[in-house]
Amino acid sequence: MTGTIRLTAAQAMFRWLAVQMTEEGERFIEGVWAIFGHGNVAGIGEALHGIGDKLPTWRGQNEQTMAHAAIAYAKTKRRRKAMAITSSIGPGATNMVTAAALAHVNRLPVLFIPGDVFANRRPDPVLQQIEDFDDGTVTVTDCFRPVSRYFDRITRPEHLLTVLPRAMQVMTDPANCGPVALAFCQDVQAEAYDWPESFFEPKTWRIRRPEPDPREVDDVVAVLKASSHPVIVAGGGVLYSGAEADLLAFAKAHNIPIVETQAGKGAIDWQERLNFGSPGVTGTDCGNKIAAKADLILGVGTRFQDFTTGSWAIFSNPSRKLVSINLAGYDAAKHGAIPLVSDAKVALGRISTALGSHRFADPDFAAREAWFKATDTVIAAPGTPKPNFRPSDAQVIGAVQRIAGPKTVAMCAAGTMPGALQVLWRAAAGGYHMEYGYSCMGYEVAGAFGIKLAAPEKEVVCFVGDGSYMMANSELATAVMLRVPFTIVLTDNRGYGCINRLQQECGGAEFNNMYKDCNVETQPEIDFVAHATSMGAYAVKAADIAQLETEIVSARSRDIPTVIVIDTEAETGAGIGGAWWDVAVPEVGTTEKLKKARAHYEANVARQRIN
């Protein structure tokens, strides 16, 4: 018979988490990010101090950005490892809700442990407690319910005996993977309980590879054989499955071109001849052309976000059929797709075997070659600049591209750069990290930090605009303290340039996006170099594209983050590629500009095909 050990609930939680192992013999939860406050400092704080290096604790600057670092870490680790984040009961908890939504959209494992009110309710209302006049069981942590894959509130110590295994099961489930939120009542954290010693025995968690239904395989093979111009849409599921080599082998065996989503970009090296870049709103010309011509779209690990499909106006061939290989039945059946619910690696092998020697006609390789010749011009270094010249974002991308190596990872999340990078960045295998499921401004700095923690051998280059940098930059100080180096390329166009262009494209006037169009008494003059320097980073302002290249190379020798600021113009987007995006334009208005935008909108809506 097993013995027992007397521990507080918080002590038990972290002792248990410390022995949940991957197949490689490492902790699945690598450590805990913590900002202590009312609701977690006494119970959780004491427990984390006590467990020490068996489950390390790190202190960040903001609960949301700590979670962003954890999310980037899990994404880089391909969901094979994760981190936890704990907070106080009030604003610290709600600070994490945005990050939980980001993890949910991107199907990434993160463990959120917000403190909560007293289960015994003796001191109600406690500091930071939000009271629901109609429901005494509601607390602020209920905000996590719609943005978590699994939510629970721990109101008794012994709840952990069932709650913790459920949490791990969700985070290691390839189909249901996502964030877990365990609201931990603060009095319960401190309560002692006699735990079975067997509860703390190490456990190995395996990531399953679900096999496909043979009938679904037959359905997919039949429509593939009946098609003439198939195209593969590679999503993030390819990376999480570890199916990159399998996808390339499949495409080569059957001569099928590939386009990559934001989440899937980098699965296949850009130099592979069958890689036609990206589809959709921020797609390549050659990728969108073959997508429009395709009579069969074979999605592999993609949820068919509107940017990928051009709001369903790109996959417009009247005879087009849609196939979706996905672990989640929800995704596999979207938009009337022929579903194949399976792990990507397994499914591709089954389909390829059934296709045998079947090969399709060559795609338009000439269009692919023409595309890259055209982009050479867009990303080229500017010639002798005129007075007051400011480079475009595309020229900044070109500077980084020219000195990038096989270990360079380009990362971003919001603004102009995600679209420009998807269209223009020539990603080596594994050389791209984009948070574009939630496209969360403020993810970039913390995300770059998380990538470098997960892959210290990589050169991480974070592209961030001044708008996103201003939203969340404080984990730069944490990276300095932990001596985690990465490079930030901060493009300063003095406002929200991306949304300003979208506003105009939709028939609106320039309003409240660029500082020059805002209701302010004076235009800001923000010294980003001084700001980054004050947090301990190495910071410099690049006068031009040539200096930008030099500074990126110099950054490789440092053991702290480097911030390179460069002024850019705000008028030009990627300058090439792209497609229509469904952003509703007002049906009535007074300006001719708005009327033309509405007519353009209605013409494109007529092209949409949603099933």
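What you are looking at is a predicted structure, and each value in this text was computed from that prediction instead of being measured.

Draft legend 1. Summary view of the overall build of the chain. The helix and strand inventory of the chain stands at 24 helices and 21 strands. Since a compact globule built from 611 residues should have a radius of gyration of about 25 Å, the 25 Å found for the chain is in line with a globular shape. Expressed as lengths along the three principal axes of its C-alpha atoms, the size of the chain is roughly 70 × 65 × 55 Å. Looking at the chain residue by residue over its 611 residues, the buried ones come to 57%. Put simply, of all contacts in the chain between residues at least 6 apart along the chain, 75% involve residues at least 24 apart. By element, 52% of the accessible surface of the chain is carried by carbon and sulfur atoms, the whole surface being about 24500 Å². One finds the centroid of the 59 positive side-chain charges in the chain at a distance of 5 Å from the centroid of its 66 negative side-chain charges.

Draft legend 2. Representation of the domain arrangement of the chain. Assigned domains within the chain: domain 1 (4-204), domain 2 (214-367) and domain 3 (380-567). In this complex, domain 1 contributes 24 residues to the contact, which on the side of domain 3 involves 24 residues. Together domain 1 and domain 3 conceal approximately 1700 Å² of surface at their shared face, both sides included; 72% is due to carbon and sulfur atoms. Its largest share of buried area at the contact with domain 3, domain 1 owes to Gln 61, Thr 65 and Thr 76, together 26% of the area lost on that side. Across the contact surface, domain 1 and domain 3 share 0 salt bridges. Between domain 1 and domain 3 we count 6 residue pairs in polar contact (both at pLDDT 80 or more) in total. Of all the elements in the fold, those that place two or more residues in the side of domain 1 that touches domain 3 are α3 (63-76) and α5 (97-105). Take the side of domain 1 that touches domain 3: its biggest share by element is 10 residues, from α3.

Draft legend 3. Focus on the UniProt feature "domain: Thiamine pyrophosphate enzyme central" (unreviewed entry) in the chain. Under the present numbering, the feature "domain: Thiamine pyrophosphate enzyme central" (unreviewed entry) in UniProt falls on residues 217-349. Counting secondary structure, residues 217-349 comes out at 38% helix and 17% strand; the distance between its end C-alpha atoms is 10 Å.

Draft legend 4. Geometry of the sheet that holds strand β21 (residues 562-567). In spatial order, the strands read β17-β16-β18-β19-β21-β20; together these 6 strands make up an open sheet with parallel pairing. Every interior strand has two partners, whereas the edge strands, β17 (432-434) and β20 (538-541), have only one. On average, adjacent strands in this sheet sit at an angle of 20° to one another, irrespective of strand direction. Pairing geometry for strand β16 (residues 408-412) and strand β18 (residues 459-465), over 4 bridges, is parallel. What sits directly across from Val 409, in β18, is Val 460.

Draft legend 5. Focus on the pattern of salt bridges. Inspection of the entire model under this criterion finds 27 salt bridges. Residue Arg 494 pairs with Asp 567 through a salt bridge whose shortest N-O separation is 3.9 Å. With Arg 494 in the loop between β19 (487-492) and α21 (497-505) and Asp 567 in strand β21, this pair connects stretches of sequence that are 73 residues apart. Shared partners join several salt bridges into a network, and the residues in it are Glu 26, Arg 27, Glu 30 and Lys 81.

Draft legend 6. Spotlight on unusual backbone geometry. The residue after Asp 124, namely Pro 125, is reached through a cis peptide bond having omega -10°. For Pro 125, the location among the structural elements is in the loop between β6 (111-116) and β7 (150-154). You will see that Ser 439, though not glycine, has its phi angle at about 45°, which is positive. Counting through the fold element by element, Ser 439 comes out in the loop between β17 and α18 (443-454). Under the relative-accessibility criterion, Ser 439 is labelled partly exposed at 26%.

Draft legend 7. Here's a closer look at the side chain of Arg 320. Of note, Arg 320 is situated in the loop between α12 (306-309) and β14 (321-326). No salt bridge is formed by the buried Arg 320, whose closest oppositely charged neighbour, Asp 295, lies at an N-O distance of 9.7 Å. Not counting residues within four places of it along the chain, the set of residues in contact with Arg 320 comprises Ala 294, Asp 295, Ile 297, Trp 312, Phe 315, Arg 609 and Asn 611.

Draft legend 8. Spatial organisation of the environment of Glu 201. Checked against the element boundaries, Glu 201 lands in the loop between β9 (192-196) and β10 (203-204). We classify Glu 201 as exposed; its relative accessible area is 51%.

Draft legend 9. Fine view of a nonpolar patch on the surface. On the surface, a cluster of nonpolar side chains totalling about 280 Å² of accessible area is made up of Met 471, Tyr 496 and Ile 499. Residue position: Ile 499 is located in helix α21. With relative accessibility at 43%, the residue Ile 499 sits in the partly exposed group.

Draft legend 10. Region of interest: the pairing of β19. Buried residues dominate β19, accounting for 6 of its 6 residues. Residues Thr 487, Val 489 and Thr 491 line one face of β19 and the alternating positions Ile 488, Leu 490 and Asp 492 line the opposite face, and both faces are buried. Alignment of β18 against β19, held across 5 bridges, turns out to be parallel. Pairing of Val 464 across the sheet is with Leu 490, part of β19.

Draft legend 11. Highlighting α5. Within α5, burial applies to Val 97, Ala 99, Ala 100, Ala 101, Leu 102 and Ala 103. Looking at the buried positions of α5, the neighbouring elements they touch are α3, α4 (91-95), β6 and α18. Where α5 ends, the next residue or the one after it, Arg 107, has phi of about 60°, a positive value.

Draft legend 12. Region of the structure containing the packing of aromatic side chains. Applying the stated rule across the entire model yields 16 aromatic pairs. Note on Trp 33 and Trp 58: the rings are 5.3 Å apart at their centroids and 45° apart in plane angle, and the pair reads as tilted. Placement of the pair is Trp 33 in strand β3 (residues 29-34) and Trp 58 in strand β4 (residues 57-58), with a sequence separation of 25 residues. Taken together through their ring pairs, the aromatic side chains of Trp 16, Tyr 193, Trp 195, Phe 199 and Phe 200 make up a single cluster. Above the ring of Trp 205, the side-chain terminus of Lys 203 is found at 4.7 Å from the ring centroid. For the cation-ring pair, Arg 558 lies above Tyr 538, with the distance from its terminal atom to the ring centre recorded as 3.5 Å.

Draft legend 13. Seen up close, the UniProt feature "domain: Thiamine pyrophosphate enzyme TPP-binding" (unreviewed entry) in the chain. Those residues carrying the UniProt feature "domain: Thiamine pyrophosphate enzyme TPP-binding" (unreviewed entry) are residues 415-566 in this numbering. For residues 415-566, helix accounts for 41% and strand for 16%, while the C-alpha atoms at its two ends are 16 Å apart.

Draft legend 14. How the structure looks around the nonpolar core. Counting residues in hydrophobic clusters, the biggest one holds 84 residues, and the most contacted among them are Ile 232, Ile 351, Leu 421, Leu 424, Trp 425, Phe 463 and Leu 548. Counting only domains with at least three residues in this core, you end up with domain 2 (214-367) and domain 3 (380-567). Once residues within four sequence positions are removed from consideration, Leu 424 is found in contact with Thr 375, Val 378, Ile 379, Ala 394, Ile 397, Gln 401, Ala 574 and Ile 576. One finds Cys 440, Val 445, Val 480 and Ala 539 within the second-largest nonpolar core, a separate group that totals 58 residues.

What counts and how
- Residues numbered from 1 in each chain as written.
- Predicted model: local features only at pLDDT ≥ 70, side-chain atom pairs only at ≥ 80, totals over all residues.
- Heavy atoms only, no water.
- Helix = DSSP H or I, 4+ residues; strand = E, 2+ residues; numbered from the N terminus.
- Rg over C-alpha atoms; globule rule 2.2 N^0.38 Å.
- Buried < 20%, exposed > 50% of the residue type's maximum accessible area, 1.4 Å probe, protein only.
- Contact = heavy atoms within 4.5 Å.
- Areas by Shrake-Rupley, 256 points an atom, 1.4 Å probe, with all protein chains shown as cover.
- Lys, Arg positive; Asp, Glu negative; His and termini not counted.
- Charge placed at Lys NZ, Arg CZ, Asp CG, Glu CD.
- Domains from an automatic or database assignment.
- Buried area = accessible area lost by both parts, 1.4 Å probe.
- Salt bridge = Lys/Arg side-chain N within 4 Å of Asp/Glu carboxyl O.
- Polar contact = N/O pair within 3.5 Å; in protein donor to acceptor, adjacent residues only side chain to side chain.
- UniProt positions renumbered as here; feature names shortened; annotations may be inferred.
- Pairing = 2+ DSSP bridges.
- Axes fitted to C-alpha atoms, helices over the stretch in contact; angles between N-to-C directions.
- Patch = residues over 30% accessible without salt bridge, like charges linked within 9 Å, V, L, I, M, F, W, Y side chains within 5 Å.
- Phe/Tyr/Trp six-rings, centres within 6.5 Å; stacked < 30°, edge-to-face > 60°.
- Lys NZ or Arg CZ within 6 Å of the ring centre and 35° of its normal.
- Core = buried A, V, L, I, M, F, W, Y, C linked by side-chain atoms within 4.5 Å.

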